[in-house]
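Below, each chain spelled out in residue letters.
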Amino acid sequence: MRVIGTVGLPGSGKGEAATVARELGIPVVTMGDVIRAECRRRGLDPADHHGEIAQRLREEEGVTAIAERSLPLVEEALNDAGTVLVDGIRSDVEVERFEERFGEDFTLVAVTAPFDLRVERVGVRGRDNVGDGGEALEARDERELGFGMGAAIDRADVTVENTGTLAAFRRRVRSILEGERA
Ligand SMILES: Nc1ncnc2c1ncn2[C@@H]1O[C@H](COP(=O)(O)OP(=O)(O)OP(=O)(O)O)[C@@H](O)[C@H]1O
């Protein structure tokens, strides 16, 4: 069994890595789904309340609340597959929770790309209001780093620098996902 977690700043390529996993038939557990489910449970629209509920869950159940609630989903996915990808790790305490649960079977993969490249890519994707100078992305970076994402990236077992072509990145991710455990 292998549990592969991905971590990276906005626009670094985590979504693309998850797409590669799905194409290989590897189930993807998205930690944001936990938050969306909790929004619905509280009768709130996830589109408007995602950030607020993420924050409240951490306050009410501790800083590992979202990781904790993701664990049963990962375990369920492991019933049918040898490898599972976890998308959405945001802090070092979450990394510790996965390491505590899965030990050597957990691999943390950091995806990195310089700010300017991420601005360009997020712009192409058109999901964010980047504005001139990439200010929106800067604010998102700050929020993520505030959760402890920098410390999580520092703990990675493998770092993929996503500075080349999309095809090269996808190949690298595929080889990590298919690779034998060291
Ligand atoms: N090496 C690359 N070359 C060109 N485009 C890329 C490359 N890697 C990723 N992209 C594109 O950049 C955009 C951002 O990547 P992706 O959505 O995977 O980022 P993300 O880390 O999931 O971001 P977020 O945290 O904001 O969801 C996507 O449109 C993706 O297809």
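Residues numbered from 1 in each chain as written. Predicted model: local features only at pLDDT ≥ 70, side-chain atom pairs only at ≥ 80, totals over all residues. Heavy atoms only, no water.

In the nomenclature of an unreviewed UniProt entry, the chain is known as UPF0200 protein ACFQHK_12950 of Halomarina ordinaria. Reading the Sequence similarities (unreviewed entry) entry of the UniProt record for the chain gives the comment "Belongs to the UPF0200 family." (UniProt positions renumbered as here; feature names shortened; annotations may be inferred.)

Before going further, it helps to spend a moment on the UniProt feature "binding site: ATP" (unreviewed entry) in the chain. The UniProt feature table records "binding site: ATP" (unreviewed entry) at Gly 8, Leu 9, Pro 10, Gly 11, Ser 12, Gly 13, Lys 14 and Gly 15. Relative to the elements of secondary structure, Leu 9 occurs in the loop between strand S1 (2–7) and helix H1 (14–23). Judged by its relative accessible area of 17%, Leu 9 is buried. Tracing the backbone through its elements, the reader meets Lys 14 in helix H1. Lys 14 sits in the buried class, given a relative accessible area of 16%. Lys 14 has contacts with Thr 6, Val 7, Gly 8, Leu 9 and Asp 87, leaving out every residue within four places of it along the chain. A polar contact is formed between the side chain of Lys 14 and the backbone oxygen of Gly 8, at a distance of 2.9 Å. (Helix = DSSP H or I, 4+ residues; strand = E, 2+ residues; numbered from the N terminus. Buried < 20%, exposed > 50% of the residue type's maximum accessible area, 1.4 Å probe, protein only. Contact = heavy atoms within 4.5 Å. Polar contact = N/O pair within 3.5 Å; in protein donor to acceptor, adjacent residues only side chain to side chain.)

Turning our attention to the sheet that holds strand S4 (residues 106–112). Across the sheet, five strands lie side by side as S2-S3-S1-S4-S5; this open sheet has parallel pairing. Looking at which strands have only one partner, the edges of the open sheet turn out to be strand S2 (28–30) and strand S5 (158–161). Direction aside, neighbouring strands of the sheet carry axes that sit 25° apart on average. Bridge analysis of S4 against S5 gives four bridges, and the strand direction is parallel. Counted as the bridge partner of Val 111 is Val 160 from S5. Contacts from H1 reach S1, S2 and strand S3 (83–87), with the element oriented near 160° to S3. Of the strands in this sheet, S1, S3, S4 and S5 touch helix H9 (residues 166–178), which is tilted by about 165° from S5. (Pairing = 2+ DSSP bridges. Axes fitted to C-alpha atoms, helices over the stretch in contact; angles between N-to-C directions.)

In this section: the environment of Arg 2. Within the secondary structure, Arg 2 sits in strand S1. A distance of 3.1 Å separates a polar side-chain atom of Arg 2 from the backbone oxygen of Ile 176.

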